[in-house]
Every structure is written in C-alpha cells, then in structure tokens.
Amino acid sequence: MKIGIVFAGQGAQYPGMGHDLYENYRASRSVFDDAGEEIKNWCFRGTAEELKQTRITQPAIYTVTMAAYEAFREAAENAGIADKLELVGVSGFSLGEYAALTSMGAIDEIGKGLKIVQNRGLFMQKAGQNEAGENISGMTAALGKREAVLAAVEEAAGGRVLEAVNFNSPTQTVVAGEKEALESFAEVAGANKIKAIPLPVSTAFHCALMKPAAEKLLPILREAELKLPEGKIYSDITAEDIMEGFEGDKGDDAAVADYLAAVMAKQAMSPVYWQEIIENMTGDGAEAIIEIGPGKTLSSLIKKITKEAVPLHVEDRDSLEQTIASLREMTEGRKETEC
C-alpha cells in the first residue's frame with residue numbers, strides 16, 4: 001500500500017503538545033530528553049501566547065513532530081505493518097520541511113535539525129520587526145479562488161511588501177506582508193467577496209521581508225552538511241522532488257550539501273505550493289497521507305484538495321492508535337482484494 005507522509009508547520013502549536021507522546025512512547029521520550037528541559041517546558045507548559053513567538057514555536061514544533069514520527073515508526077513496526085507500507089515520498093509545510101529532511105536522512109541528526117530551526121526561528125522573527133523590536137508584518141488567510149486573491153494582492157500592494165505565499169487549496173491562499181498592506185488587502189478582499197482572516201503569527205513568512213533571514217540561515221545550513229535524501233521529498237517551492245534541480249554528481253557530498261543549503265535558505269522567502277504537493281503525491285499513487293505533528297491543519301487541507309487519498313494524523317496516543325488501526329485495516333483489505 002502506497003502512503004505519503006507530511007509534517008506540520010508553524011501555526012499548529014498548542015499548549016501541552018507532545019506531553020502525551022512523552023508519557024507513552026519511549027522513542028518520543030528520547031527525542032524530548034535530547035532536546036532539553038527548556039524545549040520540554042515550552043511544549044508541555046508554555047502558554048498560547050509564548051508559543052506564538054517564532055523563536056519558540058519553530059524548535060518546539062520540530063521537536064514534537066520528530067517525537068511523533070519516531071513513535072509512528074515504532075508503532076508501525078510493532079503492529080507488523082511497516083513492511084506493507086510503500087512510502088512514495090514526504091513533505092513538510094514550511095517549518096515542517098525540516099522534519100521531512102530529517103526523516104529522509106538529509107539532516108542526519110535530530111539535534112542538528114533542532115539547531116537549524118532554532119536559528120531559523122530567531123532570524124525570521126527578527127526579520128519581521130523594526131529596529132525597536134516591534135512587529136511590522138503579518139499574514140492573512142484569504143478564502144476565495146486563487147486568481148481572485150492574486151488580483152486583490154496586486155491591487156492592494158501599492159508599492160509595499162504584499163505577496164501570496166501559501167497556496168493551500170483551491171479556495172485558500174495565505175497572504176503575507178507589511179501590516180498596512182495587509183489592512184489594504186482586507187478592504188480590497190472584502191469588496192471582492194473574499195474572506196480575509198488574520199493569522200496568529202508574529203511575522204510574515206515566505207515573502208521578501210524574509211530575505212535577511214534567508215541570508216543569515218544559509219551559512220547555518222552549509223555548516224550542517226546536508227546529505228542526499230534517502231527518498232523523495234516534495235519541495236515547498238517547486239512541489240517536485242527537492243533534488244530535481246540538482247545538476248551535479250549525486251555522489252559529490254559537498255555539492256549535494258551546498259545545493260540543499262541554497263534550496264532551504266531560499267525556502268524561507270519563497271511561496272509554499274501545498275496544493276500542488278498533495279496533487280503530486282496522490283499522482284504518485286499515495287492512497288493515504290499521514291500528517292505528523294501537532295494539530296490537523298494539513299489533514300483538513302488534504303480533504304479540500306483531493307478525494308484520492310485518506311488523510312490520517314499522528315499527534316498523540318489516541319491519534320497514533322487510530323492511524324495504525326486504519327492502516328492495518330487498509331492493508332488487510334488490499335490483501336483480501338488481491339486474493
């Protein structure tokens with residue numbers, strides 16, 4: 001049975017996330033213990049307001065996500081279904097792409113991935129602030145057809161930073177930019193019957209404002225010496241295999257590392273083509289797509305994008321057990337059909 005795996009991004013956080021995994025799965029406990037007491041405290045006892053801070057959110061979500069992924073791997077093996085699942089590929093929404101890279105060995109240690117996202121969170125939070133440390137940017141979800149949203153963005157920009165940055169589904173596009181530009185966008189959107197919903201984030205991800213963050217992130221990524229992925233990773237910025245644009249020798253570790261570092265630095269200031277990623281994943285035969293990490297945001301988007309794959313998710317003990325049960329039922333049903 002063919003499956004895809006996707007990893008949660010920023011915005012999925014909530015107080016207490018990951019604690020149930022820590023209490024019930026040895027593999028998850030190991031991830032949290034290695035991450036350290038500060039991150040455990042943010043995840044288990046942090047307030048909603050604290051968890052909105054990008055410098056906290058990114059390492060916290062990455063840690064919870066990797067803890068959930070390790071618990072899923074362990075549970076699938078114990079349930080005897082691991083060898084019945086064929087992974088067509090993985091992807092991650094923005095921050096989640098770092099969990100995708102880790103799952104495929106491109107980031108060869110969770111601790112190394114944690115260091116990257118800690119710096120990424122700091123750089124991105126600062127990039128969206130003025131010299132006084134005040135937030136000058138944000139993001140808004142626009143509910144309407146993509147073409148109409150893009151037209152509203154063009155009308156509202158007025159020479160300010162305002163970009164469509166997350167193409168989430170046929171009827172949901174996220175817009176990012178300067179606060180004043182977002183206010184103008186809300187007015188234009190309303191006049192064109194597009195619902196605009198401000199998002200609870202502290203900066204404007206994936207737009208031109210993130211260029212300073214991307215520049216600072218590049219040497220951190222180079223230092224990490226990223227490896228050739230062990231399987232397919234659907235890139236946020238192309239929706240295709242992340243290695244598709246590589247023209248060198250895949251046996252040249254240094255060339256691969258430099259290429260992936262450049263791609264992931266660019267990712268911080270580039271749009272996320274989530275709709276296309278899910279369409280390509282199902283086009284490659286995925287019958288189920290498993291969301292790993294806090295919340296069910298991606299599962300909800302998957303339902304809006306395709307009817308060809310069953311969305312499942314893993315964020316705690318209950319959801320993990322339900323996902324394993326569903327996969328067992330699906331694999332057993334396939335075996336009976338083949339017989």
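Note that the structure is predicted; figures quoted are calculated from it, not measured.

Focus on the environment of Asp34
Here is step 1: Position of Asp34 among the secondary structure elements: in helix 2 (residues 26-35).
Here is step 2: By relative accessible area, Asp34 is classed as exposed at 66%.
Here is step 3: In this structure, the C-alpha to C-alpha distance between Asp34 and Gly111, residues 77 residues apart in sequence, is 7.5 Å.

A look at the sheet that holds strand 1 (residues 2-7)
Here is step 1: Across the sheet, four strands lie side by side as 2-1-7-8; this open sheet has parallel pairing. Each edge of the open sheet carries a strand with a single partner, namely strand 2 (86-92) and strand 8 (310-314). When the angles between neighbouring strand axes are averaged without regard to direction, this sheet yields 25°.
Here is step 2: Contacts from helix 6 (residues 96-103) reach strand 1 and strand 2 within the one sheet, and its direction differs from that of strand 2 by about 145°.
Here is step 3: In the packing of helix 13 (residues 297-305) onto the sheet, contacts are made with strand 1, strand 7 (288-292) and strand 8, and the angle to strand 8 comes to roughly 180°.

Structural notes on the sheet that holds strand 4 (residues 162-169)
Here is step 1: The four strands are arranged 4-5-3-6 in an open sheet whose pairing can be described as antiparallel. The open sheet has two free edges, formed respectively by strand 4 and strand 6 (195-198), since each of these has just one partner strand. The mean angle between the axes of side-by-side strands here comes to 25°, regardless of whether they run parallel or antiparallel.
Here is step 2: As paired strands, strand 3 (residues 137-143) and strand 5 (residues 172-178) are joined by seven bridges and run antiparallel to one another. Residue pairing in the sheet places Gly138 in a bridge with Gly177 of strand 5.
Here is step 3: Against the sheet, helix 13 makes contact with strand 4 and strand 5, and its axis sits at roughly 75° relative to strand 4, the strand it touches most.

The rules behind these values
Residues numbered from 1 in each chain as written. Predicted model: local features only at pLDDT ≥ 70, side-chain atom pairs only at ≥ 80, totals over all residues. Heavy atoms only, no water. Helix = DSSP H or I, 4+ residues; strand = E, 2+ residues; numbered from the N terminus. Buried < 20%, exposed > 50% of the residue type's maximum accessible area, 1.4 Å probe, protein only. Pairing = 2+ DSSP bridges. Axes fitted to C-alpha atoms, helices over the stretch in contact; angles between N-to-C directions. Contact = heavy atoms within 4.5 Å.

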